Amino acid sequence: MDERSALGLLAGWVDAAGDDAAVIDGLVITTDMLHARTDFPGGTTRYTAGWRSIGASLSDVAAMGGTATAAVAAYGAPAFDAEEIAAFVDGANDVCDLTGAAYVGGDLDDHDEFTVAGTVVGRVDDPVFRHGAAPGDAVYVTGTLGRTGAAIREFERGNVERGNELFRFEPRVATGRRLAGVASAMMDSSDGLARSLHQLAAASDCGFAVEWDRLPVDRAVDAVADDDAARRELSTFFGEDFELVFTGPRAAVESTRGALGAPITRIGRVTDDGVLADGDPLPDRGYSH
């Protein structure tokens, strides 16, 4: 059983599961586990690992339209190094500072592989779920797509400084909070744009029609993609970009554009069924742990 199948089972057993984070009585909480083998390519600094580990969970809070309050992490490694731990905490603190949250500690344990389990808690008054999209809504993304795919290529080429830079994304917490009450459905793009659209379609019982030329591909992709196919792979299917994918009435969303704190791009519209790009089926393919 792969991760997606297991998550599907959990959604049937746990009432609060199924969105980017759980919401209970105004409290929003989420957790993510990252491993050296699947999430931190060779050359990833502990500073970047701290940033990215906590940033992933901050992104989940953003996708619910919440305000992040505090973060903790369980840090496992084959050996403890004071400089590495300090760098990790610095990265966690700095990404929290971007969102107004506080990094407040966690746990340390021996582990045969560098592994981090990060948890973020916050508050939300008007949560945005995945199930509210309706035909006629527009579909948007924040920021740009393909940044993580480009980072991986830079790591593979030995350009570790550039890889680390691209790996340190800005969680869209402020933007998500401002979209609460405007967006009809929302999630983050940690599994890739294509898979996110399929997940939103399944949750909302709808479809999407998007246009390839509208996708805001990060300029970093052009530096590592050899052709259009590679460019599309990195921006649409690779995943781990942690941008927001959301729907809403076009006029209402456009009226908030100047106050969102991040660029947004309208990439298409919500339809009755099917997930299409330029009229052709968009494969349900994305990041797999």
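Residues numbered from 1 in each chain as written. Predicted model: local features only at pLDDT ≥ 70, side-chain atom pairs only at ≥ 80, totals over all residues. Heavy atoms only, no water.

## As for the pattern of salt bridges
When charged atoms on two side chains of opposite charge get close, those side chains can pair. Inspection of the entire model under this criterion finds 10 salt bridges. For Asp-284, the salt bridge is made with Arg-195, and the minimal N-O distance between the two is 3.2 Å. You can see Asp-284 sitting in the segment after strand E12 (280–281) and its partner Arg-195 sitting in helix H8 (residues 193–204), a full 89 residues away along the chain. Under the relative-accessibility criterion, Asp-284 is labelled partly exposed at 32%. A relative accessible area of 11% places Arg-195 in the buried class. Residue Arg-214 is joined to Glu-211 by a salt bridge in which the shortest nitrogen-to-oxygen separation is 3.5 Å. Among the residues examined, Arg-214 registers a relative accessible area of 31% and is labelled partly exposed. (Salt bridge = Lys/Arg side-chain N within 4 Å of Asp/Glu carboxyl O. Helix = DSSP H or I, 4+ residues; strand = E, 2+ residues; numbered from the N terminus. Buried < 20%, exposed > 50% of the residue type's maximum accessible area, 1.4 Å probe, protein only.)

## Some remarks on the nonpolar core
By size, the foremost hydrophobic cluster in this structure holds 40 residues, and its most contacted members are Ile-54, Leu-58, Phe-88, Tyr-103, Phe-114 and Phe-246. When residues in this core are grouped by element, the largest group, seven residues, is from helix H3 (residues 46–63). Here this core gathers at least three residues from each of two domains, domain 1 (3–123) and domain 2 (138–281). Ignoring sequence-local partners within four residues, the contact set of Leu-58 consists of Ala-68, Val-95, Cys-96, Thr-99, Ala-101, Val-120, Pro-171 and Val-173. Judged by nonpolar contacts, the second largest core, of 35 residues, contains Leu-166, Phe-167, Leu-193 and Ala-194. (Core = buried A, V, L, I, M, F, W, Y, C linked by side-chain atoms within 4.5 Å. Domains from an automatic or database assignment. Contact = heavy atoms within 4.5 Å.)

## Points about the environment of Arg-130
By the element assignment, Arg-130 lies in the loop between strand E5 (115–123) and strand E6 (138–142). Considering only alpha carbons, one finds Arg-130 and Gly-258, 128 residues apart in sequence, at a separation of 24 Å.

## What to know about the domain arrangement of the protein chain
Splitting the protein chain by domain gives domain 1 (3–123) and domain 2 (138–281). The C-alpha centroid of domain 2 is placed 21 Å from the C-alpha centroid of domain 1. In this assembly, 26 residues from domain 1 lie in contact with 23 residues from domain 2. Taken together, the two surfaces of domain 1 and domain 2 that pack against each other cover about 2,100 Å², and 58% of this comes from carbon and sulfur. Across the domain 1-domain 2 interface, the total number found is zero salt bridges. Counting every contact that joins domain 1 to domain 2 gives 10 residue pairs in polar contact (both at pLDDT 80 or more). Of all the secondary-structure elements, those providing two or more residues to the side of domain 1 that touches domain 2 are H3, strand E3 (67–77) and helix H4 (82–99). Here the element with the most residues in the side of domain 1 that touches domain 2 is H3; it accounts for 11 residues. (Buried area = accessible area lost by both parts, 1.4 Å probe. Polar contact = N/O pair within 3.5 Å; in protein donor to acceptor, adjacent residues only side chain to side chain.)

## Thoughts on the UniProt feature "binding site: Mg(2+) 1" (unreviewed entry) in the protein chain
The feature "binding site: Mg(2+) 1" (unreviewed entry), as annotated in UniProt, sits at Thr-31, Asp-32 and Asp-107 in this numbering. With respect to the helices and strands, Thr-31 occurs in strand E2 (residues 27–35). Within the local environment of Thr-31, its side chain forms a polar contact with the backbone oxygen of Gly-118, the two atoms lying 3.0 Å apart. Following the sequence through the fold, Asp-32 ends up in strand E2. According to the relative accessible area criterion, Asp-32 is partly exposed, its value standing at 22%. Other than its neighbours up to four places away in sequence, Asp-32 contacts Ala-56, Ser-57, Asp-60, Val-116, Ala-117 and Gly-118. (UniProt positions renumbered as here; feature names shortened; annotations may be inferred.)

## Re the pairing of E3
One face of the sheet, then the other: side chains in a regular strand alternate in exactly this way. Alignment of E3 against E5, held across nine bridges, turns out to be antiparallel. Looking at the pairing, Ala-71 lines up with Val-120 of E5. Looking at chain direction, E3 and strand E4 (residues 102–110) are connected through seven bridges and run parallel. Following the sheet pairing, Tyr-75 is matched in E4 by Leu-108. In the classification by handedness, the crossover that spans E3, the intervening H4 and the parallel E4 is right-handed. (Pairing = 2+ DSSP bridges. Right-handed = clockwise from strand over helix to strand, strands pointing away.)

## Points about the sheet that holds E6
Sheet strands line up and pair through hydrogen bonds in the backbone, either parallel or antiparallel. Pairing is mixed across the open sheet formed by seven strands, whose spatial order is E7-E9-E6-E10-E8-E11-E12. A single partner strand is all that each edge strand has here, and the edge strands are strand E7 (185–188) and E12. As judged from the four bridges shared by E6 and strand E9 (residues 244–248), these two strands associate in the antiparallel manner. Paired with Tyr-140 across the strands is Phe-246, a residue of E9. On top of the sheet, H3 reaches E7 and E9; it is set at about 175° to E7, its chief contact. Running over the sheet, H8 touches E6, E7, strand E8 (207–210), E9, strand E10 (264–271) and strand E11 (275–277) and is turned about 145° from E7. (Axes fitted to C-alpha atoms, helices over the stretch in contact; angles between N-to-C directions.)

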